[in-house]
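So the chains spell out like this:
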Amino acid sequence: MSAIVAIVGRPNVGKSTFFNRLIKRREAIVDAVSGVTRDRHYGKTDWNGVEFSVIDTGGYLAGGDDTFQKEIDKQVNLAIDEADAIIFMVNVEDGLTGMDESVAALLRKSKKPVFVVVNKVDSNNRRDDAHEFYALGFEHLFSISSINGSGTGDLLDELVKSLPEKEQKEEENLPRFAVVGRPNAGKSSFINALIGEDRYIVTDIAGTTRDAIDTRYNRFGFEFNLVDTAGIRRKSKVKEDLEFYSVMRSIRAIEHSDVCILMLDATRGFESQDANIFWLAQRNRKGIVILVNKWDLVEKENNTAKAYEAAIRKEIEPFTDVPIIFVSALNKQRIYKAIETAVEVYNNRTKRIPTRQLNEVMLPIIENYPPPAIKGKYVKIKFCTQLPTPMPQFAFFANLPQYVKDPYRRFIENKLRENFDFKGVPIDVYFRQK
Ligand code: GDP
Ligand code: GDP
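Owing to the predicted nature of the structure, the values given are computational and were not obtained by experimental measurement. (Residues numbered from 1 in each chain as written. Chains lettered and ligands numbered in written order. Predicted model: local features only at pLDDT ≥ 70, side-chain atom pairs only at ≥ 80, totals over all residues. Heavy atoms only, no water.)

> What is the right way to look at the sheet that holds strand E16 (residues 428–433) in this model?
The strands that make up a sheet are held in pairs by hydrogen bonds between backbone atoms, and each pair lies either parallel or antiparallel. Taken in spatial order, the 3 strands of this open sheet run E14-E15-E16, and their pairing is mixed. Since the sheet does not close on itself, it has two edges, and those belong to strand E14 (381–386) and E16, each with one partner. Ignoring which end each strand starts from, the neighbouring axes of this sheet average 25° apart. Pairing between E14 and strand E15 (residues 393–398): 5 bridges, direction antiparallel. (Pairing = 2+ DSSP bridges. Helix = DSSP H or I, 4+ residues; strand = E, 2+ residues; numbered from the N terminus. Axes fitted to C-alpha atoms, helices over the stretch in contact; angles between N-to-C directions.)

Pasting the structure below:
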């Protein structure tokens, strides 16, 4: 899992411009492959070989200029809780403002590294103006221009140095499940229903990161770790149904898990926050199980579950090969099924298809339906293999891999899914030069 960097600051200082600059290069690639619109406020990037997640906290605010101090303060506090390092952005054009000072006051109480980034220093004559921000009292201060990129290299050099080392992979091979979802979806109720009494807890392993904790459970004959984050465990102080909170709370848990159990509230349906969390898990290539909770509250007719399921699948296109289970944490209904399914998804994610079997199945399919010729050139796929990665990734070797387009890649993915069970698991298909 990678470290989390939060960008905070008042509106219009240039947070999202900077965020986009960081994310653009990589996400453009991911977009082309998955065909999925990216989250505009969360993404991954890397610098000097260090990968990290970036979250533009301001992006989750509903308003623009009229956003209240109180909201910003809450976001800053949450960033302090959840991030490994904080970029505090200010605007040289406006100079030091009262709002900057109050953000600084909150950040000073944090032990996390804070980088004051003076933005919109587009030219040298603005450079001197940046000095006034030393008054905020932070050691690291960088002047940048998010628009033209100047100064960003120096900032990123120091930023990645401050991030915690990548954790060691735990030796044990137990599935790690994270229960994620909006506030009030029923996550705590589900976990309580699941774990029953405390005696089922085998050990309480201190997480390898500061905030995430793996607790090992042995239930219904399954052994697994529940990834618990500070956010889930300490019943959140703030109960507001803000998109920002659920996303921010989920990032660490998702990154730390193998399978995300995404909990929906059946009385509310699949909303944009649910979608955000879903794609967060998908982009991190985690296994996913969707639980539609509070099913006891839904009035049912013949087709209710079917229609409900279809509506969710529409929302998660094109990654629709995901288990959807209707549960009631309150009545402990289908809790067993939920965990059983999560274990199946875990197994799908760690599955290895022997190369010979893969070729025996896939090559005839490809022969029957080869990639369309482009500019009179024929693409020949000769061989395929599953890569030795923690999640399913496949390489297909061809004479002209650059001519294989996205529809054909999706065709191959679908055939893999039809022939081998990859339910609940994102898979990647690459075409490479033979
Ligand atoms: P946010 O509200 O903090 O996310 O700010 P935005 O990223 O939306 O930027 C607010 C405005 O400042 C936009 O019009 C940007 O084009 C502009 N802006 C952002 N970065 C720079 C910069 O480095 N130099 C200049 N001159 N303008 C910038
Ligand atoms: P969390 O914020 O996601 O951890 O949600 P909680 O577990 O705290 O649940 C929020 C509210 O929904 C509480 O009042 C629960 O009693 C209620 N709730 C949770 N699961 C169910 C369910 O399956 N059926 C019903 N009717 N209520 C539920």
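Moving on from the coordinates now.
> Hey, could you run me through the site of ligand 1 in this one?
Close to ligand 1 lie 14 residues; Asn 12, Lys 15, Thr 17, Lys 120 and Asp 122 are nearest. Ser 146 places a polar main-chain atom, nitrogen or oxygen, 2.8 Å from an oxygen atom of ligand 1. At 3.1 Å from an oxygen atom of ligand 1 is found a main-chain nitrogen or oxygen belonging to Ile 147. Protein chains bury 71% of the 580 Å² of accessible surface belonging to ligand 1 in isolation. (Near = heavy atom within 4 Å. Polar contact = N/O pair within 3.5 Å; in protein donor to acceptor, adjacent residues only side chain to side chain. Areas by Shrake-Rupley, 256 points an atom, 1.4 Å probe, with all protein chains shown as cover.)

> How should I be thinking about helix H10 (residues 335–349) in this particular structure?
When the terminal C-alpha atoms of H10 are compared, their 21 Å separation across 15 residues agrees well with the 21 Å that a helix rising 1.5 Å per residue should span. Along H10, the residues that are buried comprise Ile 335, Ala 338, Ile 339, Thr 341, Ala 342, Val 343, Val 345, Tyr 346, Asn 348 and Arg 349. (Expected span 1.5 Å × (residues − 1). Buried < 20%, exposed > 50% of the residue type's maximum accessible area, 1.4 Å probe, protein only.)

> Teacher, can you tell me more about the confidence of the model for the protein here?
Low pLDDT marks stretches whose predicted atomic positions should not be read closely. Averaged over the protein, the pLDDT score is 84; the fraction of residues at 70 or greater is 83%. At the level of individual helices and strands, the protein shows its lowest average pLDDT in strand E8 (residues 201–205), which scores 42, and its highest in strand E12 (residues 287–293), which scores 98. Within the model, pLDDT remains below 50 along residues 198–211, and this stretch shows 36 contacts once partners closer than five positions in the same chain are excluded. Overall, residues 230–241 carries pLDDT values under 50, and its contacts beyond four positions in sequence, including any with other chains, amount to 28 contacts. Across the interface, the model reports ipTM at 0.73; the global pTM reads 0.73. (pLDDT = per-residue confidence, 0-100. Contact = heavy atoms within 4.5 Å.)

> What should I look at first to understand the packing of aromatic side chains in this one?
Geometrically, a pair of aromatic rings is defined through the distance of the ring centres and the angle of the planes. All told, the structure shown has 16 aromatic pairs when counted by the stated rule. For the ring pair Phe 394 and Phe 422, a centre distance of 5.8 Å and an interplane angle of 70° mean the geometry is edge-to-face. One end of the pair, Phe 394, is in strand E15; the other, Phe 422, is in the loop between helix H12 (406–419) and E16, with 28 residues separating them in the sequence. Exposure remark for Phe 394: the relative accessible area of 0% places this residue in the buried category. Their ring planes at 45° and their centres at 5.8 Å tell us that Phe 396 and Phe 431 sit as a pair that is tilted. Taken as a pair, Phe 396 in strand E15 and Phe 431 in strand E16 lie far apart in primary sequence, 35 residues in all. For Phe 396, a relative accessible area of 0% gives the class buried. Joined through ring pairs, the aromatic side chains of Tyr 369, Phe 396, Tyr 408, Phe 411 and Phe 431 make up one cluster. The ring of Phe 422 has Lys 351 sitting right over it, with the charged end atom 5.3 Å from the ring centre. (Phe/Tyr/Trp six-rings, centres within 6.5 Å; stacked < 30°, edge-to-face > 60°. Lys NZ or Arg CZ within 6 Å of the ring centre and 35° of its normal.)

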